[in-house]
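# Summary of the model geometry
Given next are the chains, with one letter for each unit.
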Amino acid sequence: YNSESGDLWLVRDRFGVKPLFWSIDKKQNLIFSSSAKSISEINKGGLDISYCSRGLRYKVFETSKSHSPYNGVNSIEAGSLIRFKIESDQIIINESKWYDLSVSVKKQEDILFSLSDQQAIEQFYDLIYDAIKIRLRSDVPFATSLSGGIDSSLITSIASTEATDLHSFHYGSPDKKSSEGPLVDGLVEFLGIKNEYIFPEMKKIHLENLLNKTLFSQEAPFSGVTTLAQNLVYQKVSEMGFKVLLGGQGGDEVLAGYRKFFFIALNESLAKRDYISGIKNLISIFIMLFSEIPNAKTYISNLDRYIGKKKNIFKLLDWDSEEINLLGNSKDLRHRQIEDINLWSIPTLLRTEDRNSMGNSVESRLPLMDYRLVEFGLALPSYLKIKNGHNKWILRKVSKNLITEKIRLARYKRGFDVSQDWINNGLGEVLRTRIYERMDLLKPHLKKNLDLDVLMSNKNLSKDERLLDECLMLAWLSY
């Protein structure tokens, strides 16, 4: 803020890792904060139902354009700045972008054009090594998050060569095949590091406390119990005295780690009439689908986010939602990846991670969101990302001898998996109690003539992920 000129500049980082909200009230008071809820308590604008319903339907709460869960509370876009000219009788607003990911990726494409594949692979390794190394700079204890996937495994491996007595944290148990604990156990032994396994038997009181803490930390609605489990991880990190945690967020978006990217790569090949690449991508799809047969039910249940029915999507809430196309431009892999970073994936993931980490006084650092690595990874040709039935192919290439082969060459994808039966352990009862107690507040949002006892039974909540998300939304609305 320049007190002489009356200029206030609010600037947000390239990818929106950190939150920044603002509002101007009826008396022309300018308010800004990292907390949207704190602003809403001042301007009392009420809920933004469109934000909530879109997030509930598509699991996309934050986008580059979204404001916040509250009317009149605006979010500064990632890579943007606003100059407020504060005068005696008015506030003049001038907003602009200071960072454009598409333009930066195009510059990297031009540089990569002159490199051989081997040179590109070597440069990628140098970038990822440096991105990790500089995030180890700390005068407080740090650790790594270890999920059992290739992203966090490589980060932990490289960090272990730079730090003595590295400690990692994993949500899972080495004794439970239903978790990724056994995979992590093998990696921990391979690297010779210390690891904390987090897989508690949660009772009703613990689940109630966890739900309350997560709702307080997030300040916004969220989908699924994975957000609760992530908060639990950060609680443990904090309890053990660590103040910085390195995580693997961003790898799937930057290096085409999601299954949908296999099909987009195929469409890209066909659009370019590159039929040799098309055949290779088709073979990769068949190999991938065969590897994912055990997880087919999970993928089928999420298909309606992309091709689902248009109306009456909610069972409890009397809401409608805008329609968005999560498939995007399905003939250009790079363009679709940029959309995930700017719109459909990264903004929401960064929000949940930032709120859970800061809610436990832990700083989350994300090497794979290093802007140099993001730009370089996006600019890479498709065949260095998807190859031989593998996604993130270049990451698997540079990981050789740095992590276990079981993780490096795994073709299945699990994500952050909560395999305990939290619904029957008490979460279902906690949600029902909260909703019934605040029925006076929630009734205007609910459909009429519902048999809530049946719909919100443990049986239905356990088998219907979307129904559970609606109950989590109602819990947030009542908080």
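Let us look at the structure shown here. On a predicted model such as this, the values are computed, not experimentally measured, just so you know. (Residues numbered from 1 in each chain as written. Predicted model: local features only at pLDDT ≥ 70, side-chain atom pairs only at ≥ 80, totals over all residues. Heavy atoms only, no water.)

### Regarding the environment of Leu-455
As for its position among the elements, Leu-455 is in helix H21 (residues 452-455). Sequence-distant contacts of Leu-455, defined by excluding residues within four places in its chain, comprise Lys-315, Leu-316, Leu-450, Asn-460 and Leu-467. (Helix = DSSP H or I, 4+ residues; strand = E, 2+ residues; numbered from the N terminus. Contact = heavy atoms within 4.5 Å.)

### Focus on the pattern of salt bridges
Evaluated as defined, the whole model comprises 23 salt bridges. Across the pair Asp-469 and Lys-59 runs a salt bridge, and its minimum N-O distance is 2.8 Å. Of this pair, Asp-469 sits in helix H23 (residues 465-477) while Lys-59 sits in the loop between helix H2 (49-58) and strand S4 (74-75); the two residues are 410 residues apart in sequence, bridging distant segments of the chain. Classification of Asp-469 as buried rests on a relative accessible area of 1%. With its nearest N and O atoms 2.8 Å apart, the salt bridge here joins Arg-408 to Glu-405. Within this pair, Arg-408 and its partner Glu-405 are both found in helix H18 (residues 405-408), separated by 3 residues, close to a single helical turn. Residue Arg-408 is classed as buried on the basis of its relative accessible area, which comes to 10%. What makes Glu-405 partly exposed here is its relative accessible area of 37%. Taken together, the shared-partner salt bridges in this structure form one network comprising Asp-130, Arg-135, Asp-370 and Arg-372. (Salt bridge = Lys/Arg side-chain N within 4 Å of Asp/Glu carboxyl O. Buried < 20%, exposed > 50% of the residue type's maximum accessible area, 1.4 Å probe, protein only.)

### Quick look at the pairing of strand S5 (residues 80-86)
Bridging between strand S1 (residues 7-11) and S5 involves 5 bridges; their strand directions are antiparallel. Opposite Val-11, over in S5, you have Leu-81 as the bridge partner. In this sheet, strand S6 (residues 91-97) lies alongside S5 in antiparallel orientation, the contact comprising 7 bridges. Considered in S6, the bridge of Ile-82 is made with Glu-95. In textbook terms, the turn of a hairpin is the stretch between consecutive antiparallel strands, and for S5 and S6 this stretch comprises 4 residues. (Pairing = 2+ DSSP bridges.)

### What to know about the sheet that holds strand S10 (residues 244-246)
Across the sheet, 5 strands lie side by side as S9-S8-S7-S10-S11; this open sheet has parallel pairing. The two strands at the open ends of the sheet, each matched to only one other strand, are strand S9 (194-198) and strand S11 (363-365). Ignoring which end each strand starts from, the neighbouring axes of this sheet average 30° apart. Across 2 bridges, strand S7 (residues 142-145) lies against strand S8 (residues 167-171) in parallel orientation. (Axes fitted to C-alpha atoms, helices over the stretch in contact; angles between N-to-C directions.)

### Let's talk about the environment of Asn-94
Mapped onto the elements, Asn-94 comes out in strand S6. In this structure, the C-alpha to C-alpha distance between Asn-94 and Ile-82, residues 12 residues apart in sequence, is 5.6 Å. Leave out the neighbours within four places in its chain, and Asn-94 touches Leu-81, Ile-82 and Arg-83.

### What about H2?
For the α-helix, the turn length of 3.6 residues means that residues three or four positions removed from each other point alike. Across the 10 residues that make up H2, a large majority, 8, are buried. Listing the buried residues of H2 in full gives Tyr-51, Cys-52, Ser-53, Arg-54, Gly-55, Leu-56, Arg-57 and Tyr-58. Phi for Lys-59, located one or two positions after H2, is positive at around 60°.

### Details of a nonpolar patch on the surface
Taken together, the side chains of Phe-263, Leu-282, Phe-286 and Leu-289 make up a nonpolar region of the molecular surface, amounting to roughly 380 Å² of accessible area. With 3 residues, helix H11 (residues 275-291) is the single largest residue contributor to the nonpolar patch. When you line up the elements, Phe-263 lands in helix H10 (residues 260-271). (Patch = residues over 30% accessible without salt bridge, like charges linked within 9 Å, V, L, I, M, F, W, Y side chains within 5 Å. Areas by Shrake-Rupley, 256 points an atom, 1.4 Å probe, with all protein chains shown as cover.)

### A few points about unusual backbone geometry
Even without a glycine there, the phi angle at Lys-392 is positive, about 50°. Mapped onto the elements of the fold, Lys-392 is located in the loop between helix H16 (371-379) and helix H17 (393-398).

### Here's the deal with the sheet that holds strand S2 (residues 21-24)
The strand order across the open sheet formed by 3 strands is S3-S2-S4, and the pairing between neighbours is antiparallel. Each having just a single partner strand, strand S3 (30-33) and S4 make up the two edges of the open sheet. Two elements, S2 and S3, share 4 bridges in a ladder whose sense is antiparallel. For Trp-22, the partnering residue across the bridge sits in S3 and is Phe-32.

### A closer look at helix H5 (residues 150-162)
When the terminal C-alpha atoms of H5 are compared, their 19 Å separation across 13 residues agrees well with the 18 Å that a helix rising 1.5 Å per residue should span. Regarding H5, the residues found buried are Ile-150, Asp-151, Ser-152, Ser-153, Leu-154, Ile-155, Thr-156, Ser-157, Ile-158 and Ala-159. (Expected span 1.5 Å × (residues − 1).)

### Section: the side chain of Asp-252
With respect to the element layout, Asp-252 can be found in helix H9 (residues 251-254). You can call Asp-252 buried: its relative accessible area is 12%.

### Some remarks on the state of the cysteines
Counted under the stated rule, the structure contains 0 disulfides. Of all cysteine sulfurs, the one in Cys-471 lies closest to Cys-52, which takes part in no disulfide; the gap is 15 Å. Assessed through its relative accessible area of 0%, Cys-52 is described here as buried. Cys-471 gets classed as buried once you look at its relative accessible area, which sits at 0%. (Disulfide = S-S within 2.5 Å.)

### A closer look at the packing of aromatic side chains
Applying the stated criterion across every chain yields a total of 9 aromatic pairs. Aromatic pair Tyr-125 and Tyr-129: ring centres 5.9 Å apart, planes at 50°, arrangement tilted. Placement of both Tyr-125 and Tyr-129 in helix H4 (residues 117-134) is noted, with a separation of 4 residues, approximately one turn of the helix. Residue Tyr-125 is classed as partly exposed on the basis of its relative accessible area, which comes to 27%. Taking 5.6 Å as the distance between ring centres and 80° as the angle between the ring planes, the aromatic pair formed by Phe-169 and Phe-242 counts as edge-to-face. Here Phe-169 is found in strand S8, whereas its partner Phe-242 is found in the loop between helix H8 (226-239) and S10, with 73 residues between them in sequence. For the pair shown, Phe-169 and Phe-242 are each scored as buried. It is Arg-14 that lies over the ring of Tyr-99; its NZ or CZ is 5.3 Å from the centre. (Phe/Tyr/Trp six-rings, centres within 6.5 Å; stacked < 30°, edge-to-face > 60°. Lys NZ or Arg CZ within 6 Å of the ring centre and 35° of its normal.)

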